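Architecture at a glance
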2 protein chains.
Amino acid sequence: MPHINVDPNLPGIRALMAFSPATAEPMGQLAEILLRSNDGLTRAERELIATYVSYLNDCFYCHNSHGALACVYLNGDNAVVEQVRQGYNNAAISDKLKALLNIAGKVQKGGKHVTEDDVAKAREQGATDKDIHDTVLIAAAFCLFNRYVDGLAATTPTDLSSYPLRAKQVAEKGYGSHIYTSPQPV
Amino acid sequence: MPHINVDPNLPGIRALMAFSPATAEPMGQLAEILLRSNDGLTRAERELIATYVSYLNDCFYCHNSHGALACVYLNGDNAVVEQVRQGYNNAAISDKLKALLNIAGKVQKGGKHVTEDDVAKAREQGATDKDIHDTVLIAAAFCLFNRYVDGLAATTPTDLSSYPLRAKQVAEKGYGSHIYTSPQPV
């Protein structure tokens, strides 16, 4: 049960955003820019970074929500999403994304864990300043979102079949206010 | 040296925000709402929560920046700021704020560390749903900001006398775009 009185019909972060629309708005804007830009990293790569960090933070709602979104952008290839969760080194992804996921995993532990060597290895695989910036900020942002969801014990749907339906909605409409104001797909 | 090519004349997160104004805007808006609202928690209490979490995350730039801001709002009482850093139980602050700092410290470790008992104890001291919400979100937001700063190895001014000057600027003008577009006070 959530630690504060929120709408029981809204899952996960959506209920928290409906409780506090003033803070929901900039958080939605940040997610929109970080996760739906196609400048540099693809949407699939951005959602895979979000999924991986959320998995490391053990946030069931977030890693399933963003894993389902990555799957949409990967045209239904859930095997890659699961490979990234379980240890991206064996995943069918680029070496550049592997080097960036290494950085994301360091950020999840704490910013100072990222070394010059980690960054140099990502550059060797073609990562730009913007790719490195966006990777660190996506990873950091999910250290916020995951803690917001679990720190307030937001409702976590356990029926995994509900996540793809909500992911389809976000893939179509983005991270705007509809995610906490509209009727939910499940 | 920062991991990416940013303006060397801007300290800490300011250089990162100048590098990426598109993401800086919603982050500044979130900070403005979370840290400068007087609805429920005071500005001093909000900045003390930010300072405490940044200290736990060992982010020198953030805990000194926000500690200096808390000091401004406490009319120069830096002793309280230092007491909160070193273990808030002996600090000259309300029992309500102590209970909320306990929750903030749990969020810093991970959202699931917050227990029903932690929340019940805060309520016993008069904390409302909004106070609990804002505490969790401030703590979570600084798990983002701290990782953004240290994950990209942003420049950290070591001269402690520079922090109060920048804090005075933020106390006057808020967390808007001036913090990364205007000439810096130091």
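Residues numbered from 1 in each chain as written. Chains lettered and ligands numbered in written order. Predicted model: local features only at pLDDT ≥ 70, side-chain atom pairs only at ≥ 80, totals over all residues. Heavy atoms only, no water.

Focus on the relation of the copies chain B and chain A
Overlaying chain B on chain A yields an RMSD of 0.0 Å, the required transformation being a rotation through 180 degrees with an accompanying axial translation of 0.0 Å. Those values place the two copies in the arrangement expected of a two-fold rotation axis. Among all residues of chain B, the one whose C-alpha sits closest to the rotation axis is Pro26(B), at a distance of 2.3 Å. (Least-squares fit on C-alpha atoms with pLDDT ≥ 70 in both.)

Digging into helix 7 (residues 116-124) of chain A
Residue and element names in this part refer to chain A. Listed in full, the buried residues belonging to helix 7 are Asp118, Val119 and Ala122. The buried residues of helix 7 all sit within an arc of 95 degrees when viewed along its axis, so they share a single face. Residues of helix 7 that are exposed and angled more than 90 degrees away from the buried face: Glu116 and Glu124. In this structure, the buried side of helix 7 is in contact with helix 6 (95-109) and helix 8 (129-151). (Buried < 20%, exposed > 50% of the residue type's maximum accessible area, 1.4 Å probe, protein only. Helix = DSSP H or I, 4+ residues; strand = E, 2+ residues; numbered from the N terminus. Arc of directions from axis to C-beta. Contact = heavy atoms within 4.5 Å.)

Digging into the packing of helix 8 of chain A against helix 8 (residues 129-151) of chain B
Interaxial distance between helix 8 of chain A and helix 8 of chain B falls to 8 Å at its minimum, and their mutual angle equals 160 degrees. With respect to helix 8 of chain B, the axis of helix 8 of chain A lies roughly antiparallel. Classified by chirality, the crossing of helix 8 of chain B by helix 8 of chain A is right-handed. Here His133(A), Val136(A), Leu137(A), Ala140(A), Ala141(A), Cys143(A), Leu144(A), Arg147(A), Tyr148(A) and Gly151(A) of helix 8 of chain A lie close against helix 8 of chain B, whose contacting residues are His133(B), Val136(B), Leu137(B), Ala140(B), Ala141(B), Cys143(B), Leu144(B), Arg147(B), Tyr148(B) and Gly151(B). Its residues assigned to classes, the contact of helix 8 of chain A with helix 8 of chain B shows 14 nonpolar, 4 polar and 2 charged. (Axes fitted to C-alpha atoms, helices over the stretch in contact; angles between N-to-C directions. Parallel < 35°, antiparallel > 145°, perpendicular 65-115°, else oblique. Left-handed = near helix turned anticlockwise from the far one by under 90°. Nonpolar A, V, L, I, M, F, W, Y, C, P; charged D, E, K, R; others polar.)

Digging into the interface of chain B and chain A
Across the boundary between the two partners, chain B contributes 41 residues, which contact 41 residues of chain A. Both sides together, the interface formed by chain B and chain A hides about 3400 Å², and carbon and sulfur atoms give 70% of it. When the buried area of chain B at its contact with chain A is split by residue, His3(B), His133(B) and Arg147(B) rank highest and sum to 20% of it. Between chain B and chain A we count 2 salt bridges in total. For Lys112(B), the salt bridge identified is with Asp58(A), shortest N-O distance 3.2 Å. Where chain B packs against chain A, one counts 12 residue pairs in polar contact (both at pLDDT 80 or more). Sort the elements by how many residues they give to the side of chain B that touches chain A and helix 8 of chain B lands first, with 14 residues. The residue makeup of the side of chain B that touches chain A, split by class, is 21 nonpolar, 11 polar and 9 charged. (Buried area = accessible area lost by both parts, 1.4 Å probe. Salt bridge = Lys/Arg side-chain N within 4 Å of Asp/Glu carboxyl O. Polar contact = N/O pair within 3.5 Å; in protein donor to acceptor, adjacent residues only side chain to side chain.)

A closer look at the packing of aromatic side chains
Residues and elements named next belong to chain A. What the rule picks out here adds up to 8 aromatic pairs over all chains. Plain terms: the ring middles of Tyr61 and Tyr163 are 6.0 Å apart, the flat faces sit at 55 degrees to each other, and that makes the pair tilted. Separated by 102 residues along the polypeptide, Tyr61 in helix 4 (residues 60-73) and Tyr163 in helix 9 (residues 162-173) bring together distant segments of the chain. Here the two residues Tyr61 and Tyr163 agree in accessibility, since each one is buried. (Phe/Tyr/Trp six-rings, centres within 6.5 Å; stacked < 30°, edge-to-face > 60°.)

Focus: the side chain of Asn146(A)
All names here are of chain A. Relative to the helices and strands, Asn146 is located in helix 8. Judged by its relative accessible area of 2%, Asn146 is buried. Within polar-contact distance, the side chain of Asn146 engages the side chain of Ser54 at 3.1 Å. Those residues in contact with Asn146 that lie beyond four places of it in its chain are Val53, Ser54, Asn57, Cys59, Cys62 and Gly151.

Some words on helix 4 (residues 60-73) of chain B
Residues and elements named next belong to chain B. End to end, helix 4 covers 20 Å across 14 residues, agreeing with the expected 20 Å (1.5 Å per residue, within 8%). Where burial is concerned, most of helix 4 is hidden: 11 out of the 14 residues are buried. By the burial criterion, the buried members of helix 4 are Tyr61, Cys62, His63, Asn64, Ser65, His66, Gly67, Ala68, Leu69, Ala70 and Cys71. Those residues of helix 4 that are buried lie in contact with helix 1 (13-19), helix 2 (21-36), helix 3 (43-56), helix 5 (78-87), helix 8 and helix 9 (162-173). Directly beyond the C-terminal end of helix 4, a positive phi value near 55 degrees is found at Asn75. (Expected span 1.5 Å × (residues − 1).)

Some remarks on the packing of helix 2 (residues 21-36) of chain A against helix 3 (residues 43-56) of chain A
Helix-helix packing is characterised by the crossing angle of the two axes and by the distance between the axes. All names here are of chain A. Look at helix 2 against helix 3: their axes get within 8 Å of each other, and the N-to-C directions meet at 120 degrees. It follows that helix 2 is oblique to helix 3 by the angle criterion. For the pair formed by helix 2 and helix 3, the contact residues are Ile33, Leu34, Leu35 and Arg36 on the first element and Arg43, Arg46, Glu47 and Ala50 on the second.

Some words on the pattern of salt bridges
For side chains of opposite charge, pairing can occur when their charged atoms come near one another. A full pass over the atoms with the stated rule returns 20 salt bridges over all chains. The closest approach of N and O atoms between Asp131(A) and Lys96(A), which form a salt bridge, is 3.0 Å. Note that Asp131(A) is positioned in helix 8 and Lys96(A) in helix 6, a separation of 35 residues in sequence. Residue classification places Asp131(A) among the buried residues on the basis of a relative accessible area of 2%. A salt bridge links Glu32(B) to Arg36(B); the nearest nitrogen and oxygen atoms lie 3.0 Å apart. With Glu32(B) and Arg36(B) both in helix 2 and 4 residues apart, this pair spans about one turn of that helix. Here Arg36(B) falls in the buried class, since its relative accessible area comes to 11%. Here the salt bridges do not stand alone but share partners, grouping Arg46(A), Lys130(A) and Asp134(A) into one network.

Some remarks on the nonpolar core
Generally speaking, a soluble globular protein has its nonpolar side chains buried in company with each other. Counting residues in hydrophobic clusters, the biggest one holds 130 residues, and the most contacted among them are Ile93(A), Leu144(A), Ile93(B) and Leu144(B). Sequence-distant contacts of Leu144(A), defined by excluding residues within four places in its chain, comprise Met27(A), Leu30(B), Leu137(B), Ala140(B), Ala141(B) and Leu144(B). (Core = buried A, V, L, I, M, F, W, Y, C linked by side-chain atoms within 4.5 Å.)

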